[in-house]
Amino acid sequence: MIRFISLDVHNFALYPDAHLVFSTDQAHPVTLIRGENNSGKTTLMRAFLWVLYGEEGLPDVPNVMHPIRPVWAGSERVRTRVELRFEARGSRGAVINYKLIREATTKAVEGIVEYEEEGATLLLKQADGNWGQADDQLFEMLMYKYFRPELRDFFFIDADKSVRFVGGPEGEHDDSLMRRTTSQAIYSLLGMDSLRNSIVRLEHRRTDFLRQVGRASRNVSERQIAADLEELQVKMQEAEDRQAELQSQVGDMQAELREAERRLEGDIAKMTASTELNGRISDIEDNLSKARQRRAEAISRLSSLIEGDDRVAAALMFPAVEAVVDVLDPLYRAGKIPPTELTLLPRLLREGRCVCGILFKDHPDRRLEVERRYHESERAGNSAHFLGNVLETARRLANHALGRGVQAWAEDVTGCRDELAELDEKINEFDSERDRLISQRDAAISLSEPVYRERLRHVHELRLAYEKSADDLRTADADVRRLTGDVRSLAERLRVAQTGERRSRDLRDAADVADDLQRVLKAALEVIESRQVNELSAVMNRIFRDVIGATPDSNFSEVGLREVPGAVGPKVQYEPYSLDGEGNDKPLAMANGASRRALAVSFVLALAETTGSSVPFVADSLLHPFAGGVLRRMVGYLVDGRRVGQPILFGHTHDFSDEEIRQLLIDSAGVTYTVTSEAQVGGDVVRAAVHRQHARQSVICGCGIDEYCDVCEHTGYADDPQLKHRDQSPVYC
Amino acid sequence: MPTLTFTGSQHRLLLPEEVKDRVAPWIQTQPTTAYRTADQAPFRRMIDFWFSSIAWAVSQEAAPVEEATGRFFVNLGPNPNDIRSFEEWRADLLTILAVRDFGVDSADVSDTRKVIDLANRYAEAGAPLLLDRLEQSADLALPRLYVVADILGELVTETAAQRSDRSF
């Protein structure tokens, strides 16, 4: 339910400022705004339209530059503002006050009005009494719920507009216009559009849900994934056990390897010591080699002295040498060896002189004698020569065998022997030392080398085993990492699958709910279509009979609504129909203007009554086409307070001239305004207004339908016996 | 110039058969490929031992055997295969020995066959004596060269001491 509270306009068309407060009194629900033609009633109607719908909601106004631009304005920029306060019941039943403010700026440039800087603001009254700005979503929701643009002409209706529901004015009948506007009003006001849209949306949602269910169900089944995950977790546990076992094994092997390497280092130290011994052994062997070389040289020398030296041989054979010398030396001394003749006689013969001095040439016989003796000596000479040589050799050898010769030999031999003794001693020492060192080295090596080799082999095997275990451990680590990743991935897939399953279930539930809702809505729609439209049709007929006063004898004795096939698609359309007293169809195209307006008003009122009092019913000149009993019944219908919600009626003063009508309105109207303009009152009244310098200015006063005042007085009012002067200040100006 | 030249004709040098095995350890050069070091085998060749046997016999004033029965071990002569290195002083000492034993008037002193024969008989007489002496002083721990050197050194020193008043 919605109720208008007030309307403030500022710089709007004819109005510099105006302030209207609407009746919200259930006992006096009507707000009546009366005025003469061209006084500004429709302008106020446009103010409603503009504040709710903006520039698009305004109809074109003939001979006016822009529907909102003040008529008094020149070329200057003018800021127009309209504020509509209303209340609406929220979803929890609480009444909420709203204030919708729309502003725009217009300026005239070379005869053309530029409309700009338009803005609408929805404010709502908060619990503390202050106004707060509502968000756009709330604004749109309110507009959709209460003021949908397509129903704009229904909520703010006048007699001329209402005939659109019956195809337009007389002579311009248009079935499609009739069906479109009628169906649209029915659909919207009975909620059928909402239901249809909701049904369609639900269908879309249901289809979407089912599509998503299909997508979710495409995943591998949750159970299969869970089984795979369980199997993978078992494998991972095995891999972790294997990893732990290998870690322990590698740790043990590492400790064992370190211990073995430590022992090996000890062996290497021993080997190093052995190497040092080898160096010393090598040095000794060098010395030994040198000593042996020297010994070999000494041996060679001694050997030469023993078996290749004539001195020792001469010494051994000294008895023979001595004997020979003793035998030959006297012969030598006797000149027998060698024989003197062998040297003397040849010399004498060569010189030709004897030792006695005679010359052989003088004594040939002497010469012959010398020659004979020479030949005789020559025969024994070979032996004498030989013995001479023997003697000479014997003497030489004897001297070798004795004295300095053999002494030198003996010294040489002794020297060699001493040197050899020394060398032999050294060699023995070297041999002993070498043997000792070799023994030490051998002892060291014999102690550690086999062990070393065994340990080296052991270390090598340990290292190989350790590296293999380390490799196995790395492989196990990689397996664990891979399996961890797989488990995580599979767990994620399981979670996704579970989520998908849940979502799938939720989606199926949602689809089911959507389906159920769709069924409900379809059922509701069917009910509305079958019952409410029928009810609307019956109400329309009742109003037509009761308000318009149709009788079985009238041309249109029965009216109503009926379905017609939709122009596009399966959507049903509705149109008003009429029957004569005999039940024959009376085409509306044949109805005259009065009948059309009566039929249209019947439809509008029926629709307003059927839809309850959810929105105000703002009618401009709706009563104007009617008179007499029809007018009285219609006013009575409108002011009833139960048929339509918050009637705000704009009407000509003469529409209420009937005493009965006037009394009805006086009794039922909570608020009455009188709109007056210069056209009605000349200059006096207008001068009381703020912007009186401009023509076509309208003002509003609070005069009731049987009153006039200094503001609204115009020609004839004072003379009208039905009107009485209201002597009070124009508080609403 | 040597008193006699023994390499002009071929001569057979002899040693007694019975000393063959006893001699062998003292000789460096063996009939087989075996070879003894100089310190263990003081005599380089068999001829050296042969001559030392002669000298030892003379020094011990041993008489030569009547007739050489020794075993031939080498030829001394002009054939290239015969032993060549027969030092001059060896020839001189054999000549002196021949002059002493044959007498200055004997034509045999210049007969190299007779001289070699005399030498062979002295060698046969001296070889066992020399070996006895050597073996008497032989010690397994002492190189044989040292044994020979000590024996000869002692003998030479003694001879020189006995004849210290003589000069030639």
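As shown above, the structure is provided for reference.
Computed from a prediction, not measured in an experiment: that's the story for all the values here.

Q: Provide a residue-level description of the overall build of chain B, including the pertinent values.
A: For chain B, the count of helices and strands is 5 helices and 2 strands. Counting from the amino terminus, chain B carries its helices and strands in the arrangement β-α-α-β-α-α-α. Relative to its full complement of 168 residues, chain B shows a buried share of 52%. Contacts in chain B between residues at least 24 apart in sequence constitute 71% of all its contacts with a sequence separation of at least 6.

Q: Would you mind going over the interface of chain A and chain B in detail, with residue names and values included?
A: Taken together, the contact pairs 46 residues of chain A with 43 residues of chain B. Across the chain A to chain B interface the summed buried area is about 3800 Å²; carbon plus sulfur atoms make up 74%. Linking chain A with chain B are 3 salt bridges. For Asp150 of chain B, the salt bridge is made with Arg417 of chain A, and the minimal N-O distance between the two is 2.9 Å. Linking chain A with chain B are 5 residue pairs in polar contact (both at pLDDT 80 or more). Mapped by element, the contributors of at least two residues to the side of chain A that touches chain B are helix H7 (222–307), helix H8 (310–316), helix H9 (318–333), helix H11 (364–401) and helix H12 (403–548) of chain A. It is H9 of chain A that provides the largest number of residues to the side of chain A that touches chain B, a total of 12 residues. Grouping the constituent residues of the side of chain A that touches chain B by class yields 31 nonpolar, 5 polar and 10 charged.

Q: Summarise the nonpolar core; cite the residues concerned and give the values.
A: Within the largest apolar cluster, 114 residues are counted, with the highest numbers of intra-cluster contacts made by Phe4, Leu52, Phe156 and Phe617 of chain A. Looking at which element gives the most residues to this core, the answer is H12 of chain A, with 12 residues.

Q: Residue-level account of the sheet that holds strand S8 (residues 156–158) of chain A, with values.
A: All names here are of chain A. Reading across the sheet, the 6 strands line up as S8-S11-S12-S3-S13-S14 and stay open at both edges, with mixed pairing between neighbours. Two strands close off the open sheet at either side, each with one partner strand: S8 and strand S14 (698–701). Between one strand and the next, the sheet's axes are offset by a mean angle of 20°, whatever the strand orientation. Bridge count between S8 and strand S11 (residues 617–620): 3 bridges; the pairing is parallel. When the bridges of S11 are listed, Ile157 appears paired with Ala619. Across the face of the sheet, helix H15 (residues 659–668) comes into contact with strand S3 (30–35) and strand S13 (669–677) while running at roughly 115° to S13.

Q: Tell me what's going on with the packing of H9 of chain A against helix H3 (residues 88–102) of chain B, and back it up with residues and numbers.
A: Their axes nearest at 9 Å, the elements H9 of chain A and H3 of chain B cross at an angle of 60°. The angle between H9 of chain A and H3 of chain B falls in the class oblique. The two elements H9 of chain A and H3 of chain B cross, and the hand of that crossing is left-handed. Across from Pro319, Ala320, Val321, Ala323, Val324 and Leu328 of chain A in H9 of chain A, the residues of H3 of chain B making contact are Leu93, Ile96, Leu97, Val99 and Arg100 of chain B. Taken together, the residues of the contact of H9 of chain A with H3 of chain B break down into 10 nonpolar, no polar and 1 charged.

Q: Go over the packing of H7 of chain A against helix H5 (residues 144–162) of chain B, please, and point to the residues and values.
A: For any two helices packed against each other, the geometry is given by the interaxial angle and the distance between the axes. Two elements in contact, H7 of chain A and H5 of chain B, have axes whose closest approach is 10 Å; the angle formed by their N-to-C orientations is 45°. Of the possible angle classes, the one that applies to H7 of chain A and H5 of chain B is oblique. Judged by the sense of rotation from one axis to the other, the crossing of H7 of chain A with H5 of chain B is left-handed. Each of Arg295, Ile299, Leu302, Ser303 and Ile306 of chain A in H7 of chain A lies in contact with H5 of chain B, whose residues at this interface are Leu145, Tyr146, Val148, Ala149 and Leu152 of chain B. Taken together, the residues of the contact of H7 of chain A with H5 of chain B break down into 8 nonpolar, 1 polar and 1 charged.

Reading the values: rules and limits
- Residues numbered from 1 in each chain as written.
- Chains lettered and ligands numbered in written order.
- Predicted model: local features only at pLDDT ≥ 70, side-chain atom pairs only at ≥ 80, totals over all residues.
- Heavy atoms only, no water.
- Helix = DSSP H or I, 4+ residues; strand = E, 2+ residues; numbered from the N terminus.
- Buried < 20%, exposed > 50% of the residue type's maximum accessible area, 1.4 Å probe, protein only.
- Contact = heavy atoms within 4.5 Å.
- Buried area = accessible area lost by both parts, 1.4 Å probe.
- Salt bridge = Lys/Arg side-chain N within 4 Å of Asp/Glu carboxyl O.
- Polar contact = N/O pair within 3.5 Å; in protein donor to acceptor, adjacent residues only side chain to side chain.
- Nonpolar A, V, L, I, M, F, W, Y, C, P; charged D, E, K, R; others polar.
- Core = buried A, V, L, I, M, F, W, Y, C linked by side-chain atoms within 4.5 Å.
- Pairing = 2+ DSSP bridges.
- Axes fitted to C-alpha atoms, helices over the stretch in contact; angles between N-to-C directions.
- Parallel < 35°, antiparallel > 145°, perpendicular 65-115°, else oblique.
- Left-handed = near helix turned anticlockwise from the far one by under 90°.

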